[in-house]
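Residue-level structure breakdown
Chain by chain, the residues run as shown.
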Amino acid sequence: MAQAPRALDSGASWSPEPPGPTESAEPSGSEYAMLSRRVREAGLLDRRLHYYSWKIGLTGLALAAGWTAFAVVGNSWWQLVTAVFLAVIFGQLGFLGHDAGHRQVFKTHRANYILGVLCGNLAIGLSCTWWTRKHNRHHAHPNTEDADPDIMLAVLAFSGGRVQASRGIQRLLFRYQAYLMIPMLFLEGVSLHASSIREMTRRSCKNRAWEAALLGVHDVAYLAGIFLVLSPVKAVAFIAVQQGLFGFYLGCSFAPNHKGMPVLPANDKTDFLRRQVLTSRNVRGGWLTDFALGGLNYQIEHHLFPSMPRASLRRSQALISAFCAERDVPYCETSLLDSYAQALRHLNTTGKLARRVQVPAVTPALSPP
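Residues numbered from 1 in each chain as written. Predicted model: local features only at pLDDT ≥ 70, side-chain atom pairs only at ≥ 80, totals over all residues. Heavy atoms only, no water.

**A short note on helix H15 (residues 310–326)**
What sets the pattern is the α-helix's 3.6 residues per turn: residues three or four places apart point alike. As a reminder of what qualifies: Where helices and strands are cited, they refer to DSSP runs of H or I of at least four residues and of E of at least two residues respectively, numbered from the N terminus. For a helix, the expected span equals 1.5 Å multiplied by the residue count minus one. Under the scheme applied here, a residue whose accessible area is under 20% of the maximum for its type counts as buried, over 50% as exposed, and between as partly exposed, the area being computed with a 1.4 Å probe on protein chains only.
For H15, spanning 17 residues, the distance from its first C-alpha to its last is 25 Å, which sits close to the expected 24 Å at 1.5 Å a residue. Of the positions making up H15, those classed as buried are Arg-310, Ser-312, Leu-313, Ser-316, Gln-317, Ile-320, Phe-323 and Cys-324. At the C-terminal side of H15, Asp-328 shows a positive phi close to 55°.

Below is the structure:
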């Protein structure tokens, strides 16, 4: 099938600068266009300002409560409990920044951008510019070789081609990647901060002065506050727990979405609807799963309509899954634990190829369960 251009309703993520001219949409009679009309007619793309008002308010209050508790508890090992709480709140702020990045919250680019840098750069110390640039590429080419940055990692291989190209330490890491993935998630926070700082050194970074200033305010306030209240040993322990769990939380929230789903070759010509559905996985659950995963458990719906507000994703699921069933498009949904099991099995299968002398060019894609 010929690859379809990006659709008008695909809800592309924001960029740090106003968006350019809209690319041509899919043909009006395409399957995705038909689904898009049904979704719009159901009001699922309408802004949900009431939902986001209380969501932003409660998350902000929780952040303030966490740092207030930190100041009150003082120089005590009980601060490790505070560190756990703040790790969760940092993750929730990351989800809000993600929603703002996809223009789910407000109608205007400026309002979403301001919310994004406040949640990202200022509150948790992550560059919105870096995240957006990386995340846009992922949404355009999910699970696609040499195109999706989320599978082009130095420490994990999702296809035999990556294993074949590896040498030395990297090949050794790939061999045992299924066992190393979970421990490595605790370093995700450090990786995110390092990438954010590197982004500020790029001349091409839009609004660099503004974003660097907010990032600097966060880093100085975070480190100064911790070391002023806690002894050096307790301060280091607090940072290790808080940042380690923050990275682990985000990693565990994103890992179920695509890991272990089919990996597409770089020259893939699959149409937009199938490319997004076949490479994504939903996670079953109730309100607690929705809260804990920030709506990312509706990954299929989110990838088809990134600008759909988080509060509408659950309601859209029945409509979209029925549409996929009508057209025999496999729709993958599983439990949270099984999603991790599928991801680890895929990593283990690919990692075993590092033990062989002859490695196939591409790992056979796993079919959705």
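Alright, that's what it looks like, and here's the rest.
**Considerations on the packing of helix H10 (residues 208–229) against helix H11 (residues 232–258)**
Think of two packed helices as two axes; the pair is described by the angle between the axes and how far apart they sit. Our working definition: For helices, the axis comes from a line fit to the C-alpha atoms of the stretch in contact; other axes are also lines fit to C-alpha atoms, and the angle between any two N-to-C directions lies between 0 and 180 degrees. Each angle receives one of four descriptions, namely roughly parallel if under 35 degrees, roughly antiparallel if over 145, roughly perpendicular if within 65 to 115, and oblique otherwise. When the near helix sits turned anticlockwise from the far one by under a right angle, the crossing is termed left-handed; a clockwise turn instead gives a right-handed crossing. Two residues form a contact once any of their heavy atoms are found within 4.5 Å. Gly counts as polar in this scheme, as do all residues outside two lists: the nonpolar Ala, Val, Leu, Ile, Met, Phe, Trp, Tyr, Cys and Pro, and the charged Asp, Glu, Lys and Arg.
Look at H10 against H11: their axes get within 8 Å of each other, and the N-to-C directions meet at 135°. Put simply, H10 runs oblique to H11. By crossing handedness, the relation of H10 to H11 is classed as right-handed. Contact residues: Tyr-222, Leu-223, Ile-226 and Phe-227 in H10; Pro-232, Ala-235, Val-236, Phe-238, Ile-239, Gln-242 and Gln-243 in H11. Its residues assigned to classes, the contact of H10 with H11 comprises 9 nonpolar, 2 polar and no charged.

**Examining the layout of surface pockets**
Threshold: A 1.4 Å probe that fits into a set of points on a 1 Å grid over the protein atoms alone but cannot get out defines a cavity; an open set with protein on both sides within 12 Å along at least five of seven lines defines a pocket, and lining residues are those with an atom within 4 Å of a point. Grid points are joined across faces, edges and corners, and a volume is the space filled by probe spheres set on the points.
If you add up the space inside the largest pocket, you get close to 1100 Å³. Forming the walls of the largest pocket are 46 residues, and the residues nearest its centre are Lys-134, Asp-150, Leu-153, Glu-188 and Leu-192. At 9 residues, helix H5 (residues 128–140) tops the list of elements feeding residues into the lining of the largest pocket. In the lining of the largest pocket, the residues fall into 23 nonpolar, 17 polar and 6 charged.

**Some points on the pattern of salt bridges**
Here is the rule we go by: Counted as salt bridges are all cases of a side-chain nitrogen of Lys or Arg within 4 Å of a carboxyl oxygen of Asp or Glu.
Applying the stated criterion across every chain yields a total of 10 salt bridges. Asp-99 is the partner of Arg-310 in a salt bridge, and the nearest nitrogen-oxygen pair spans 2.8 Å. With Arg-310 in helix H15 and Asp-99 in helix H3 (residues 79–101), the pair connects residues that are 211 residues apart, well separated along the chain. Overall, the relative accessible area of 2% leaves Asp-99 in the buried class.

**Overview of unusual backbone geometry**
Phi at Asp-146 takes a positive value of approximately 60°, unusual for a residue other than glycine. Within the secondary structure, Asp-146 sits in the loop between H5 and helix H6 (160–165). Even without a glycine there, the phi angle at Asp-328 is positive, about 55°. Residue placement: Asp-328 occurs in the loop between H15 and strand S2 (333–334).

**Remarks on the environment of Tyr-298**
Turning to its location among the elements, Tyr-298 is positioned in the loop between helix H13 (287–292) and helix H14 (299–304). For Tyr-298, a relative accessible area of 4% corresponds to the buried category. Expressed as a C-alpha distance, the spacing of Tyr-298 and Leu-313, which sit 15 residues apart in the sequence, is 6.4 Å. The residues touching Tyr-298, leaving out its near neighbours within four places in the chain, are Asn-282, Asp-290, Leu-313, Arg-314 and Gln-317.

**Some words on empty space enclosed by the protein**
In the structure shown here, the tally under the stated rule is 2 cavities of 30 Å³ or more. As a volume, the second largest cavity reaches approximately 30 Å³. Lining the second largest cavity are His-98, Asp-99, Gln-104, Gly-294, Gly-295, Leu-296, His-302, Arg-310 and Leu-313. Of all the secondary-structure elements, those providing two or more residues to the lining of the second largest cavity are H3 and H15.

**Digging into the packing of aromatic side chains**
The test is simple: Between 30 and 60 degrees the pair is tilted, below 30 it is stacked and above 60 it is edge-to-face, where a pair is any two Phe, Tyr or Trp rings, Trp via its six-membered ring, whose centres lie within 6.5 Å. Think of it as a cone above the ring: NZ of Lys or CZ of Arg counts as a charge over the ring if it is within 6 Å of the ring centre and within 35 degrees of the ring normal.
Within this structure, the stated rule accounts for 14 aromatic pairs. Among the aromatic side chains, those forming a connected cluster through ring pairs are Trp-67, Phe-70, Phe-90, Tyr-222, Phe-238 and Phe-246. Positioned above the aromatic ring of Phe-323 is the side chain of Arg-327, whose terminal nitrogen or guanidinium carbon lies 4.0 Å from the ring centre.

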